[in-house]
Every structure is written in structure tokens, then in C-alpha cells.
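One letter stands for each residue in the lines below.
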Amino acid sequence: DLNHNVLEVRNVETFYGPIMALRGVSIDVPEGQIVTILGANGAGKTTLMKTVSGALDPEKGTVSFLGERVDGDEPDRMVRRGMAHVPEGREVFPFLTVEENLRLGAYTRRDGGIGDDMEMVFSYFPILKERRAQQAGTLSGGQQQMLAIGRGLMARPRLMLLDEPSLGLSPLLVQEIFAIIRRLNEEQGVTMLLVEQNAQVALNTADFGYVLEIGRIVMAGEASKLLGSEDIQEFYLGGG
Ligand code: ATP
């Protein structure tokens, strides 16, 4: 089914105490696609990601994953359902080795494919293979980001949540990591929800994009169309 949505968020309102951070947000993530959420600092991107991953409960609205209501579920349960949250790169376990970090990504799995999947991860990130016995904390920022993505892949997720993979990386590394993200989507069929402040690279990578402003979706469309939009050019791509 080409139109099957892995994730459906409907009219979600999420609060921090009295502060309404999401004001009725709805998004779809179709199977096999990369969907990106763009927005300035404080727009609510992280809040949306946390509402999807179960770290925050919405006051109103629903989150459906693989056809089931999941709002209110704990993050651990979301992981078991097949959602992998790839945090910003520096959140790998610094005192564990690269290989131990990767094995932890597969903790919900009981099948025997873990060795094969580690080889798959190494084929996309050869540097991780070279450094497999090294403590993760000794890796560069870019390598730690690669490890965070690799750890997410080890769960064989139905949906991967990518939180600002470009953060703190040089432009060259950003290009490299996003090229791999695109290949993982095309070659491994990984469905992704990508939150990014770097609109250029996000729209070049994604199939579809939403723009979040002060807790509301103000624009949505195919990534290629958004790239050409004057408003996007002016506010998010520094053109105009
Ligand atoms: P950034 O890229 O800076 O993380 P963002 O788009 O992810 O921005 P959020 O972090 O989701 O935005 O924040 C959305 C709104 O909620 C902001 O107005 C922010 O000040 C507020 N907010 C975020 N976290 C909290 C919190 N723990 N307590 C109170 N308000 C919060």
C-alpha cells in the first residue's frame, strides 16, 4: 500500500505547565519516506519529537503508529513497537566501545540477525568498523553522530526519529551524513522523521516537509516545492 502512513499525528496540543508549545499539530509520515520538520529556535520541533517518541504526553489530540493509538505510551514501549529515536550525536555512551553502543541499539530484538546488521551499519560507516573497539567518547563529533544513527539502525526500526543530525558539524560532514541518510532510506527502506534547523540540507534530503512556527504548522508540501517557495527562501534559506 503506497499510501500507508507509519505515523499519524492529529491535532496535538502539548503543554509545559501553562505554556502551550504545540497548538494543534497534524502530520503524516508515509511508509518509506523521509519527512522533515523545519522551524526556527523555539518553534516546537523538539516538543513535537518528544510527543511522538512518548517522552511528553499531549493534552489533546492523538498519535498513531502502525495503525495503533500510542499517545500516552512510555518511550520504552515506543522503542519496542519499532520507533528508534536517534538523539543528537553526543548522547552515545562515552565509556562503552563503538561495538557495545551498537549492540545496545538492538536490545529489543531476540532474533539472530544482529551480526549481519552490524556489518550493514559498518558498510555505511566504515570508520565505525575501524574504531569498533574504541570508547565512543574518543570519537569526533561527526563519528559520534554516525554512531548514534548506527545504533538506531540496529533496532531495525519501522520509523527512525532523527533529531538535528547536522548540529555542531562542519558543512562537509553535514553533506556526508545526509547523503548516507538518503542512501539508508533508499537502500534499506528506512522511514524517517527528521527535525532540522538546516532547511537547505533537510529539504534536499527529504520527500516532504512541514514548517512549524510557534507551535503551529504554517506550511506543508513536497520538499522540492518548498525549496522553491519564496517564503522558505526568505525565512529559512537566507535568500529573498
Ligand atoms: P530548538 O531548536 O531551540 O530546540 P524547538 O523548535 O525544538 O527549538 P522547543 O524546544 O520544542 O522548540 O520549544 C517550543 C516552546 O516551548 C518554546 O517556546 C520553548 O521556550 C518552550 N519550552 C521548551 N521546553 C520547555 C520546558 N521544559 N519548560 C517550559 N517551556 C519550554
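Just so it is clear, the structure is predicted and the values come from calculations on it, not from any experiment. (Residues numbered from 1 in each chain as written. Predicted model: local features only at pLDDT ≥ 70, side-chain atom pairs only at ≥ 80, totals over all residues. Heavy atoms only, no water.)

Tracing the chain through its elements places Ala223 in helix α9 (residues 223–228). The exposure class assigned to Ala223 is buried, which follows from its relative accessible area of 1%. Sequence separation of Ala223 and Ile34 is 189 residues, and the distance between their C-alpha atoms is 9.6 Å. Sequence-distant contacts of Ala223, that is, excluding residues within four places in its chain, are made with Leu203, Ala206, Asp207, Phe208 and Gly209. (Helix = DSSP H or I, 4+ residues; strand = E, 2+ residues; numbered from the N terminus. Buried < 20%, exposed > 50% of the residue type's maximum accessible area, 1.4 Å probe, protein only. Contact = heavy atoms within 4.5 Å.)

This part is about helix α3 (residues 98–105). Those residues of α3 that fall on the buried side of the exposure criterion are Val98, Asn101, Leu102 and Gly105. Taken around the axis of α3, the buried residues stretch over an arc of 100°, which confines them to a single face. Here the buried face of α3 lies against α4 (114–124), α5 (126–130) and α6 (141–153). (Arc of directions from axis to C-beta.)

Further remarks concern the site of the ligand. Looking at the ligand, there are 13 residues lining it, with Asn41, Gly42, Gly44, Thr46 and Thr47 nearest. The separation between an oxygen atom of the ligand and a polar main-chain atom of Lys45 is 2.9 Å. Looking at the shell around the ligand, the elements with two or more residues in it are β2 (19–30) and α1 (45–53). Ranked by the residues each element gives to the shell around the ligand, the list is headed by α1, at 3 residues. Along the lines of polarity and charge, the residues of the shell around the ligand split into 5 nonpolar, 6 polar and 2 charged. (Near = heavy atom within 4 Å. Polar contact = N/O pair within 3.5 Å; in protein donor to acceptor, adjacent residues only side chain to side chain. Nonpolar A, V, L, I, M, F, W, Y, C, P; charged D, E, K, R; others polar.)

Consecutive side chains along a regular strand alternate between the two faces of the sheet. Pairing analysis gives 9 bridges linking strand β1 (residues 5–16) to β2, with the strands arranged antiparallel. From the neighbouring strand, Tyr16 faces β2, where its bridge partner is Ile19. Count of turn residues in the β1/β2 antiparallel hairpin: 2 residues, of which Gly17 carries a positive phi of about 55°. (Pairing = 2+ DSSP bridges.)

Following both chains from N to C, one finds α6 and helix α7 (residues 171–188) inclined at 15°, their axes separated by 11 Å at the closest point. By the angle between their directions, the pair α6 and α7 is classed as roughly parallel. For the crossing formed where α6 meets α7, the hand is right-handed. Across the interface between the two elements, Gly142, Gln145, Met146, Ile149 and Leu153 of α6 pack against Leu173, Glu176, Ile177, Ile181 and Leu184 of α7. (Axes fitted to C-alpha atoms, helices over the stretch in contact; angles between N-to-C directions. Parallel < 35°, antiparallel > 145°, perpendicular 65-115°, else oblique. Left-handed = near helix turned anticlockwise from the far one by under 90°.)

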